[in-house]
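Residue-level listing of the chains:
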Amino acid sequence: MRSPSITIARVLALGLALAALFAALAPASSLADEDPAGCTDGVGYDSAIPTYQDVVGRPLGDGPTGNTGRDLTSDIYKYFRAVKDATAASPRVRMLEKSYGKSVLGQDLVFWVLSTPDNIDNLDAGRKDAAFWAGVRDGSVSEAAGLAAVRSRPAPAWITSTPHGAEPAAGEAIARNLYELAARTDCWNAMRLRDMDFFLLPVRNPDGRDAIQRTSAWTFDHNRDFGTQNQIENGSFLPVFKQYPGVFYIDAHQTGNGYFFPPNEDPVHHEVSDFTVDYIGEMIGPALRQAFDDQSIDYFNFQTYDLFVPEYGDTVPSLLSGAAGMTFEKGTSEVYGKQVYEHYLAINATIDVTAQNKPSILRGWVEQWAEAVRQGEQCDLEPNELVSPLTEPLKQQPSYDVCGYFFRADRHEGDTVALIKHMQAQGVHVYTLDTNVNAAGVREFGTGTSGVQTLPQGTLYIPMNQPLKHWIQAVFGEDPFEPIEFFYDVATWSYPMHRGLAGSGFLTSQLPPGTLMTEIDDPALGGVNNGAKPVLAFETDSMQALAMAFELLEKGVDVARARDAFTSGGRSFSTGTALVDASTLGGVDIAALAAERETPVTGLDGYPVAHHPMVKPKIGVYSQATSAPNSPLEKNAAAPSPGHCATQVGGVVGAADYCVALFTLTDKIGLPGYTISSAPEGMLSTVTATELGAGDLVTKNYTALLNANQSIPAGAGATALQAFVNAGGTYVGTLANGRPPPATPA
Ligand SMILES: [Zn+2]
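Here the structure is a predicted model, which means the values were calculated and not measured.

A. Structural context of the confidence of the model for the protein chain. On average, residues of the protein chain score 93 in pLDDT, and 95% of them are at 70 or above. When the criterion is pLDDT under 50, residues 4-32 qualifies, and its contacts beyond four places in sequence or with other chains add up to 56 contacts.

Okay, structure coming up:
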């Protein structure tokens, strides 16, 4: 679920017996042109395919209300691998396992692909179906070629569990879908296998599932991170769409009561394609209603869950894979088996309606990419539309043209490159301008006005006339043009604005005809010019550059910051530019650092302006606990889930924001020097309430304390903090509890 809010059931369940609910749906008669060879008229099950109970030794979905009945990740994986092994010699069905990385706590991240032996053989080899559909998505396969293949190639589709570990029933449900798909011998099922490739991902967040915790081990909500992909479970998965896009993407969550499936509530992001909206609203939605009505199962839609901000497991696959991206939500208020069954039912109905309409769905899926290119050529933003019959009126439409986004190659390089590489990892095409270009309609972020400006040679350019235009606009756009005065969570994140990439922006007019540009694989803005000079300068206008300054200090290199702006080698440098004394580098390879941090370094003959030496910092990250919390960096074997921040030993409270801060400093920014509590403090360490109260900030020479929403009540800790600040220490507080202690009135 997206939040702990209680949802309202629209239809009351009639309480069918669970045994009856688990009976397989009667197959519809095959609508295929011709039944696959060897299939049976009635439903039969291939005894070579093991059931869940055969493998795990426990009935599928065994458990009470709530989520404690869930099986561990290892059991789910065990079943999927057993079915894979059982299909190895089957003439009817075949399965592949694909690894895409490791979770924070080291568990395998895997998905499986299921189809006929012929389709599996031709997924990555032979006719290369995956590369073909990926080519349609990236523009290298023409629309005409894509349309010509809608009957001959299978349609790929994704069936995944939520990344919320405390909402586990989809894991077992997808195991049930797997069994039905793999074991059933009837002609309808044979047609489903012939016409589709099923990408099955039963555990999206193994650390959270096993700990029965919503979040990643770092206490981030993965379902707010599908777009940004800061968490490794997302960062290693979402780029898989570049290789294996799908026509639908099911993200099966859990809520309090009832069952939600789309159509969504308004608003829907205007860049979600008409294909996606119509496939969800006019095909899948009615099919699911029919399936649930037939069994008198409680459900609701056009309610609560919108399709607006591009951060979720529905909006992101919709925009990024052109899929019918859908959140399913099953209440945990019923016994676990019913939770599992209803997810199974919704998934099965989605598969059936897709298999039944496969050519027309694939046709729409193909056409939307070419349509996106055409919109981009015209600089058109897709108009808003309302999806719920109960919503009115439409508040606004996108009000200006966007032809492309430009990024200056001489500002914020480290952060600009990180963003560009992130977009490239999703399949976005990026170019550099071959010459200076005098462009009209240049609108820098945040200025609200367009004008003529020269974009220098080397400027990075992302034109909108490319298939991923919808995604680009959804995550770069300054304004989401919300269609109604309401949305579920946040309005949007414009990544370039959020990351402070001032000076970059977008074009409201096309570049002049004939503008020369070159597509790039890697912006490669880092490196050293004149590295043999005595002083090495780099701008500190990116998070990466600042982190590089700290990394140099941590290695014992002398770094100063320029008091005044200056110009050297044709580049103007701002105040605060880092100036490195090259004679102190020792064995430090600054060229490697500059490349890794994508931060250009310029050699100078001497210090160009007055400068202030930087002091190697000693940063404490505050925890209100009396001992260091259980975290991926300091696993506590006594915690319920060692290394998972959401599980702590008694007495440690409020660790979530502490862990988020620790993640940001170490994993995301890459500051070196974090030391665990048993080691002498380095540049970064945890300061506990006990250490704060004992006056460690002053006696152990800390330079800064970061307090991420941890409570510091009046008493020894607050007094020690005041003494630290009065002596020149830096206090950084975030969120509600991070504010300084109230001043005592005089
Ligand atoms: Zn959820």
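Picking up after the structure, the text goes on.
B. Spatial organisation of the packing of helix α5 (residues 129-138) against helix α15 (residues 358-377). Packing of α5 against α15 brings their axes to within 7 Å, and their N-to-C directions diverge by 40°. Taken together, the axes of α5 and α15 lie oblique to each other. Counted together, Trp-133, Val-136 and Arg-137 of α5 and Leu-362, Trp-365, Val-366 and Trp-369 of α15 form the full contact between these two elements. Considered class by class, the residues forming the contact of α5 with α15 number six nonpolar, no polar and one charged.

C. Broad picture of the domain arrangement of the protein chain. For the protein chain, the assigned domains are domain 1 (45-373), domain 2 (404-519), domain 3 (527-613) and domain 4 (619-738). Spacing between the C-alpha centres of domain 1 and domain 2 amounts to 32 Å. Tallying the contact residues gives 31 residues for domain 1 and 32 residues for domain 2. Buried surface at the junction of domain 1 and domain 2, summed over both partners, amounts to about 2700 Å²; 61% is from carbon and sulfur atoms. Counting the surface domain 1 buries against domain 2, the share from its top three residues, Glu-271, Phe-308 and Ala-372, is 20%. Our count for the contact surface shared by domain 1 and domain 2 stands at two salt bridges. Residue Lys-469 pairs with Glu-271 through a salt bridge whose shortest N-O separation is 2.9 Å.

D. Focus on the state of the cysteines. What the rule picks out here adds up to three disulfides. Between the sulfur atoms of Cys-39 and its disulfide partner Cys-187 the distance amounts to 2.0 Å. Its S-S torsion of about 90° marks the bond between Cys-39 and Cys-187 as right-handed, since a negative value means left-handed. Linking Cys-39 in the loop between α1 (18-22) and α2 (52-56) with Cys-187 in helix α8 (residues 187-195), this pair joins segments that are 148 residues apart in sequence. The disulfide partner of Cys-379 is Cys-403, and the S-S distance across this bridge is 2.1 Å. With the S-S bond torsion at 110°, the cross-link from Cys-379 to Cys-403 turns out right-handed. Taken as a pair, Cys-379 in the loop between α15 and β8 (404-407) and Cys-403 in the loop between α15 and β8 lie far apart in primary sequence, 24 residues in all. Neither Cys-379 nor Cys-403 differs from the other in exposure class; each is buried. Each bonded cysteine of the protein chain gets a number by its place in the sequence, and the pairs then read 1-2, 3-4, 5-6.

E. Molecular detail of the pattern of salt bridges. Throughout the structure, instances matching the rule amount to 40 salt bridges. With a shortest N-O distance of 4.0 Å, Asp-62 and Arg-58 are connected by a salt bridge. Using a relative accessible area of 39% as the deciding quantity, one classes Asp-62 as partly exposed. Judged by relative accessible area, Arg-58 falls into the partly exposed class, the value being 26%. Glu-551 is the partner of Arg-597 in a salt bridge, and the nearest nitrogen-oxygen pair spans 2.9 Å. A residue pair is termed long-range when its members are at least 10 positions apart, and Arg-597 in the loop between α20 (590-596) and β21 (600-604) and Glu-551 in helix α19 (residues 543-554) qualify at 46 residues. Side by side, Arg-597 and Glu-551 carry an identical accessibility label, which is buried. In this structure, a network of salt bridges that share partners links the residues Glu-167, Arg-214, Asp-221, Arg-224, Glu-311 and Asp-489.

F. Just the sheet that holds strand β22 (residues 611-613), in detail. Sheet architecture is open: six strands sit in the order β15-β21-β16-β20-β17-β22, paired in mixed fashion. Two strands lie at the open edges of the sheet, namely β15 (527-529) and β22, each paired on one side alone. Neighbour-to-neighbour, the strand axes of this sheet turn through a mean angle of 30°, independent of strand direction. Direction of pairing for β15 relative to β21: parallel, over a ladder of three bridges. Across the sheet, the residue bridging to Val-528 is Val-601, located in β21.

G. Structural context of the pairing of strand β3 (residues 155-161). With seven of its seven residues buried, β3 lies for the most part within the structure. On β3, burial covers both faces: Ala-155, Ala-157, Ile-159 and Ser-161 on one face and Pro-156, Trp-158 and Thr-160 on the other are all buried. Relative to strand β4 (residues 196-201), β3 is paired through six bridges, and the arrangement is parallel. Looking at the pairing, Pro-156 lines up with Asp-197 of β4.

H. Layout of the environment of Ile-676. Locating Ile-676 in the fold gives a position in the loop between β24 (674-675) and β25 (684-688). As a C-alpha pair, Ile-676 and Lys-635 span 41 residues in sequence and 9.9 Å in three-dimensional space. Dropping the residues within four chain positions of it, Ile-676 is found in contact with Leu-633 and Glu-634.

I. How the structure looks around the sheet that holds β4. On the basis of which strands lie adjacent, the open sheet formed by seven strands has the order β1-β2-β4-β3-β5-β7-β6 and mixed pairing. Both edges of this open sheet fall to β1 (94-102) and β6 (259-260), since each of them pairs with a single strand only. The pairing of β6 with strand β7 (residues 324-331) spans two bridges and is antiparallel. Looking across to β7, one finds that Phe-260 is bridged to Glu-329. Most of the contacts of helix α7 (residues 169-183) go to β3, to which it runs at about 145°, and overall it touches β1, β2 (108-115), β3, β4 and β5 (248-255). Strands β5, β6 and β7 of the sheet are contacted by helix α12 (residues 274-294), whose axis makes an angle of about 30° with β7.

J. Spatial organisation of the packing of aromatic side chains. Per the stated rule, a full pass over the model turns up 44 aromatic pairs. Their ring planes at 70° and their centres at 5.2 Å tell us that Tyr-405 and Phe-476 sit as a pair that is edge-to-face. One end of the pair, Tyr-405, is in strand β8; the other, Phe-476, is in helix α17 (residues 469-476), with 71 residues separating them in the sequence. The exposure class of Tyr-405 is buried, given its relative accessible area of 1%. Overall, the relative accessible area of 0% leaves Phe-476 in the buried class. Centre to centre, the rings of Phe-445 and Phe-506 are 6.2 Å apart; their planes meet at 55°, and the pair counts as tilted. One end of the pair, Phe-445, is in the loop between β10 (437-444) and β11 (451-455); the other, Phe-506, is in strand β13 (residues 505-507), and 61 residues separate them in sequence. Taken together, the aromatic side chains of Tyr-100, Phe-111, Trp-158, Phe-199, Phe-237, Phe-241, Tyr-244 and Tyr-249 make up a single cluster linked through ring pairs. Sitting above the plane of the Tyr-400 ring, Arg-443 keeps its charged end 4.3 Å from the centroid. The ring of Tyr-702 carries the charged tip of Lys-618 above its face, separated from the ring centre by 4.6 Å.

Rules behind the numbers
Residues numbered from 1 in each chain as written. Predicted model: local features only at pLDDT ≥ 70, side-chain atom pairs only at ≥ 80, totals over all residues. Heavy atoms only, no water. pLDDT = per-residue confidence, 0-100. Contact = heavy atoms within 4.5 Å. Axes fitted to C-alpha atoms, helices over the stretch in contact; angles between N-to-C directions. Helix = DSSP H or I, 4+ residues; strand = E, 2+ residues; numbered from the N terminus. Parallel < 35°, antiparallel > 145°, perpendicular 65-115°, else oblique. Nonpolar A, V, L, I, M, F, W, Y, C, P; charged D, E, K, R; others polar. Domains from an automatic or database assignment. Buried area = accessible area lost by both parts, 1.4 Å probe. Salt bridge = Lys/Arg side-chain N within 4 Å of Asp/Glu carboxyl O. Disulfide = S-S within 2.5 Å. Buried < 20%, exposed > 50% of the residue type's maximum accessible area, 1.4 Å probe, protein only. Pairing = 2+ DSSP bridges. Phe/Tyr/Trp six-rings, centres within 6.5 Å; stacked < 30°, edge-to-face > 60°. Lys NZ or Arg CZ within 6 Å of the ring centre and 35° of its normal.

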